[in-house]
Amino acid sequence: MMNEHPLRRSLSAEVHARPFTYLQATERATHLALFNGEDDSARDRKKVAELCRRYSAPPPADGSNFHLVDLKGVRLRWERHTEFSTYTFFAREAVPKRDSGGEAHFSDPVIERLPQDWLESLPGEVIAAVHLEFENSEAPELDLQGVTRIMGTENFAASGVAGGAALAWMNFLINEDGFGRVLVRDRHLRPRQAGRLMQRLFEIETYRMMALLAFPLARRAASDISRMGRQLTEITREMEQSGGLDHEQALLDRLTALSGEIERLSAETSYRFGAARAYYALVVRRIAELREERLEGFQTIEEFMDRRLAPAMRTCEAVAERLDSLAERIPRSAQLLRTHVDIAMEAQNRDLLASMDRRAQLQLRLQETVEGLSVAAITYYGVGLVAYIAKALKQAGVPVPTDIVPGLAVPALAAVVWIAIRRLRSRLMRHSATPSDL
């Protein structure tokens, strides 16, 4: 047999790793989503295993992020996501007989059948909680007043879903019991199709809430961005008024501090804004997968989200774009200010070099004056030596005119000394102009 990649089978099984639940009409469900960060996967798995042991049911496999298990009449679907976990409990049983007023709906939620101490010990914080009831097609028709009583509000969404195979009502509200409500009435759903539909409805509510986590952060960040934008505008305006190198250095310090503050705010918000975009995209996709059909007189789930969720997401997008734009303006302003500082420093260096050049010219003139004095002094001492030598020779019997020799030696010695000093200076200048060997 050909060599098989070691990951081939696990990658192939990934598409089947989280199957939809097999559902039939007259079913109840409770869905919980608990926000607990990115590092609690093992802790969640441990809590699920603890519940499974209480009902003598198989626990989740080590390292798994999904578990579907029957707990003696209540089925649990546990799924671990990046920063939250979902627990969905299903109970397949006959729903009590109802009338068109909806009095018996949501009267016996599935979650009340679970150990309360286990529920209270679940890690994380509840971010989404929904009760769902799945009615069969034989249930009595509901009038508007009855649906309003069931949903607990007049502001809810309703539509035909799954291409008209079912009807769905969602209130997107936290009722007095702390749960939202979803009512689904079967028309001709297949069991697996019903499982997909319920999962999409739960995910719409969960991802909606997860996306909205960025909204309060966006509102807080908006005021900081406005303040920092005003500071940057003020710094830019002051840059136009030349106040000297010290003033521009102070502006550069302020700009650097502002850049650090922007980077801090960007680090604090970038993850949540990015997550909000991803969650909102999932909401939009799940709504599209519902294949909604309008019920006369009701807003669809898509319309409800366009009116309620979409503006919040656009606010988050606008804040993120403003922050990115501000972060892009900072380097340009800093570069412009650094250019001003460099030009000012170059002007100072030019003035310094001109001053040094003037000092060098003065030193050269002084040196030339000193050289003239040096020639006179050395010539004077040289003539004295010549006079001593002439006198010594005359005493030795050499006929030397001692009065004439010193006078004749003056121009000769002066010329020699002057030539020697000029050559010495030329040699020193050549050495100073030639770079030293390193």
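The paragraphs below set out a description of the structure included in this document. (Residues numbered from 1 in each chain as written. Predicted model: local features only at pLDDT ≥ 70, side-chain atom pairs only at ≥ 80, totals over all residues. Heavy atoms only, no water.)

### Notes on the overall build of the chain
Line of reasoning, step 1. Scanning the chain from terminus to terminus reveals nine helices and nine strands.
Line of reasoning, step 2. Out of the 438 residues in the chain, the part that is buried amounts to 42%.
Line of reasoning, step 3. Considering only contacts within the chain whose residues lie at least 6 apart along the sequence, 73% involve residues at least 24 apart. (Helix = DSSP H or I, 4+ residues; strand = E, 2+ residues; numbered from the N terminus. Buried < 20%, exposed > 50% of the residue type's maximum accessible area, 1.4 Å probe, protein only. Contact = heavy atoms within 4.5 Å.)

### Considering the nonpolar core
Line of reasoning, step 1. In this structure, L132, F172, V184, L189, L197, L201 and I301 are the most contacted members of the largest nonpolar core, which totals 64 residues.
Line of reasoning, step 2. If one sorts the elements of this core by residue count, helix α8 (residues 301–395) sits on top with 13 residues.
Line of reasoning, step 3. Leave out the neighbours within four places in its chain, and L201 touches L132, A168, M170, V182, V184, L290 and I301.
Line of reasoning, step 4. V74, W78, W118 and A129 belong to the second largest nonpolar core, which has 23 residues in total. (Core = buried A, V, L, I, M, F, W, Y, C linked by side-chain atoms within 4.5 Å.)

### Remarks on the sheet that holds strand β1 (residues 27–35)
Line of reasoning, step 1. Strand order in the open sheet formed by nine strands is β2-β3-β4-β1-β5-β8-β7-β6-β9, and the pairing between neighbours is mixed. Looking along the sheet, the strands with just one partner apiece sit at the ends: β2 (66–70) and β9 (293–294).
Line of reasoning, step 2. Sheet analysis places strand β6 (residues 157–161) next to β9, joined by two bridges and oriented antiparallel. Among the inter-strand pairings, G160 is bridged to a residue of β9, identified as E293.
Line of reasoning, step 3. Together, β7 (166–170) and β8 (180–186) form the strand contacts of helix α4 (residues 144–151), whose direction differs from that of β8 by roughly 135°. (Pairing = 2+ DSSP bridges. Axes fitted to C-alpha atoms, helices over the stretch in contact; angles between N-to-C directions.)

### Topic: the pattern of salt bridges
Line of reasoning, step 1. Throughout the structure, instances matching the rule amount to 24 salt bridges.
Line of reasoning, step 2. Between E50 and R54 there is a salt bridge, with its nearest N and O atoms 3.4 Å apart. Taken as a pair, E50 and R54 lie in helix α2 (residues 41–54) at a separation of four residues, close to a single helical turn.
Line of reasoning, step 3. For E50, a relative accessible area of 24% corresponds to the partly exposed category.
Line of reasoning, step 4. Here E268 and R264 are joined by a salt bridge, their closest N and O atoms 3.0 Å apart. With a gap of four residues between them, E268 and R264 both fall in helix α7 (residues 244–290), about one helical turn apart.
Line of reasoning, step 5. Using a relative accessible area of 47% as the deciding quantity, one classes E268 as partly exposed.
Line of reasoning, step 6. The exposure class assigned to R264 is partly exposed, which follows from its relative accessible area of 39%.
Line of reasoning, step 7. Taken together, the shared-partner salt bridges connect R200, E203, R285, R286 and E289 into one network. (Salt bridge = Lys/Arg side-chain N within 4 Å of Asp/Glu carboxyl O.)

### Some thoughts on the packing of aromatic side chains
Aromatic ring pairs are defined here through the distance separating the ring centres and the angle between the ring planes.
Line of reasoning, step 1. What the rule picks out here adds up to seven aromatic pairs.
Line of reasoning, step 2. Ring geometry for F84 versus Y207: centroids 6.3 Å apart, planes at 80°, classification edge-to-face. Of the two residues, F84 sits in strand β4 (residues 84–92) while Y207 sits in helix α5 (residues 191–212), which places them 123 residues apart along the sequence. Each member of the pair, F84 together with Y207, is buried.
Line of reasoning, step 3. Between F172 and F304, the ring centres sit 4.8 Å apart and the planes meet at 20°, which makes this aromatic pair stacked. Of this pair, F172 sits in the loop between β7 and β8 while F304 sits in helix α8; the two residues are 132 residues apart in sequence, bridging distant segments of the chain. In this structure, F172 and F304 share a single accessibility class: buried.
Line of reasoning, step 4. Every member of this aromatic cluster is reached through a ring pair, and the members are F84, Y207 and Y279.
Line of reasoning, step 5. We note R308 situated over the ring of F304; from NZ or CZ to the ring centre the distance is 5.6 Å. (Phe/Tyr/Trp six-rings, centres within 6.5 Å; stacked < 30°, edge-to-face > 60°. Lys NZ or Arg CZ within 6 Å of the ring centre and 35° of its normal.)

### Considering a nonpolar patch on the surface
Line of reasoning, step 1. On the surface, a cluster of nonpolar side chains totalling about 300 Å² of accessible area is made up of L352, L353 and M356.
Line of reasoning, step 2. Along the chain, L353 turns up in helix α8. (Patch = residues over 30% accessible without salt bridge, like charges linked within 9 Å, V, L, I, M, F, W, Y side chains within 5 Å. Areas by Shrake-Rupley, 256 points an atom, 1.4 Å probe, with all protein chains shown as cover.)

### Remarks on the environment of T30
Line of reasoning, step 1. Of note, T30 is situated in strand β1.
Line of reasoning, step 2. Under the relative-accessibility criterion, T30 is labelled buried at 0%.
Line of reasoning, step 3. As a C-alpha pair, T30 and R181 span 151 residues in sequence and 9.4 Å in three-dimensional space.
Line of reasoning, step 4. Not counting chain neighbours up to four residues away, the residues in contact with T30 comprise Y87, T88, F89, P109, V110, I111, V130, H131 and F179.
Line of reasoning, step 5. A distance of 2.9 Å separates polar atoms of two side chains, one belonging to T30 and the other to H131. (Polar contact = N/O pair within 3.5 Å; in protein donor to acceptor, adjacent residues only side chain to side chain.)

### Things to note about the environment of T206
Line of reasoning, step 1. Its place among the elements puts T206 in helix α5.
Line of reasoning, step 2. Taking the C-alpha atoms as reference, T206 lies 9.5 Å from L34; in sequence the two are 172 residues apart.
Line of reasoning, step 3. Beyond its immediate sequence surroundings of up to four residues, T206 is in contact with H31, A33, F84, T86 and A128.

### Remarks on the pairing of β7
Line of reasoning, step 1. With five of five residues buried, β7 lies mostly within the body of the structure.
Line of reasoning, step 2. Here β7 shows a buried face lined by A166, A168 and M170 and a second buried face lined by L167 and W169.
Line of reasoning, step 3. In this sheet, β7 lies alongside β6 in antiparallel orientation, the contact comprising five bridges. Pairing of A158 across the sheet is with W169, part of β7.
Line of reasoning, step 4. With antiparallel pairing between neighbouring strands as the criterion, β6 and β7 make up a hairpin whose turn holds four residues, including A162 at a positive phi of roughly 55°.
Line of reasoning, step 5. The pairing of β7 with β8 spans five bridges and is classified as antiparallel. In the sheet register, A168 faces β8, and the bridge partner there is V184.

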